[in-house]
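One-letter residues, chain by chain:
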Amino acid sequence: MSSQQHSSSAGNRHKLEGPKNHYLSYIVSIVLTMIAFAAVLYGGLDRAFLLWFLTGLGVVQILFQLAYWMHMKERGHLFPIVGLIFGAIVALTAVAAGVFWTWW
């Protein structure tokens, strides 16, 4: 009986979200991709604005992918999040060093 109570409390803690959030995330990803293609196809936008706009859309899409497909919004994912942040810091440092080295 105690094992049955233990399994039911663990089941309540890790509820399945169902496909609804996955469908929503997929639709948002498709819409963001269509907006990016439309911005490039329009051709009348300033190049600097377009680069920042596409980068922003990419960051939003990455956050959606991490939150809904990689389940980073759930509890217990602190170590992978710290690893991703550390990797981003290393990548940005490498890009900054390359830019500095090229222009110096």
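All figures in this text were calculated on a predicted structure; none of them were measured in a lab.

Can you break down the confidence of the model for the protein chain residue by residue, with the values?
Averaged over every residue, the pLDDT of the protein chain is 81; the share at 70 or more is 83%. Of all helices and strands in the protein chain, the one with the weakest mean pLDDT is helix α1 (residues 2-13) (50), whereas helix α4 (residues 78-103) scores best (90). Residue range residues 6-10 is modelled with pLDDT below 50. Its contacts to residues more than four positions away, or to other chains, number zero contacts.

Now, about the layout of surface pockets: what can you tell me, with residues and values included?
There is about 160 Å³ of room inside the second largest pocket. Around the second largest pocket sit Leu63, Leu66, Met72, Ile81, Leu84, Ile85 and Ala88, which together line it. Broken down by secondary-structure element, the contributors of at least two residues to the lining of the second largest pocket are α3 (47-69) and α4. The dominant element in the lining of the second largest pocket, judged by the number of residues it contributes, is α4, at four residues. In the lining of the second largest pocket, the residues fall into seven nonpolar, no polar and no charged.

Go over the packing of aromatic side chains with me, naming the residues and quoting the values.
All told, the structure shown has one aromatic pair when counted by the stated rule. Here Phe49 and Phe53 contribute two aromatic rings whose centre-to-centre distance is 5.7 Å and whose plane-to-plane angle is 15°, an arrangement assigned as stacked. Placement of both Phe49 and Phe53 in helix α3 is noted, with a separation of four residues, approximately one turn of the helix. A relative accessible area of 46% means that Phe49 is categorised as partly exposed.

I'd like to hear about α3, residue by residue, with values.
Compared with the 33 Å implied by 1.5 Å per residue over 23 residues, the 32 Å span of α3 between its first and last C-alpha is a close match. His71, located one to two residues past α3, shows a positive phi value of around 55°.

So, how was this worked out
The residue numbers shown here count from 1 along each chain, following its written sequence. The model is predicted, so local features are restricted to residues of pLDDT at least 70 and side-chain atom pairs to those at 80 or more, both for listing and for counting; the totals for chains, interfaces and linings are taken over all residues. Based on all heavy atoms of the structure, the side-chain values leave hydrogens and waters out of the count. The quantity called pLDDT is the predictor's confidence in a given residue, expressed from 0 to 100. Working definition: helices are DSSP H or I runs of at least four residues, strands are E runs of at least two. Numbering for both runs from the N terminus. In this analysis, two residues are considered to be in contact whenever any of their non-hydrogen atoms come within 4.5 Å of each other. Lining residues are defined by having an atom within 4 Å of a point belonging to a cavity or pocket. Those points lie on a 1 Å grid over the protein atoms alone, cavities being sets where a 1.4 Å probe fits but cannot get out and pockets being open sets with protein on both sides within 12 Å along at least five of seven lines. Grid points are joined across faces, edges and corners, and a volume is the space filled by probe spheres set on the points. For this classification, Asp, Glu, Lys and Arg are treated as charged, while Ala, Val, Leu, Ile, Met, Phe, Trp, Tyr, Cys and Pro are nonpolar and the rest, including Gly, are polar. For Phe, Tyr and Trp, where Trp contributes only its six-membered ring, two rings pair if their centres lie within 6.5 Å, and the inter-plane angle classes them as stacked under 30 degrees, edge-to-face over 60, or tilted in between. Accessibility here uses a 1.4 Å probe with only protein chains present; expressed as a share of the type maximum, an area under 20% marks a residue as buried, one over 50% as exposed, and anything in between as partly exposed. Helices are assigned an expected span. That span is 1.5 Å times one less than the residue count.

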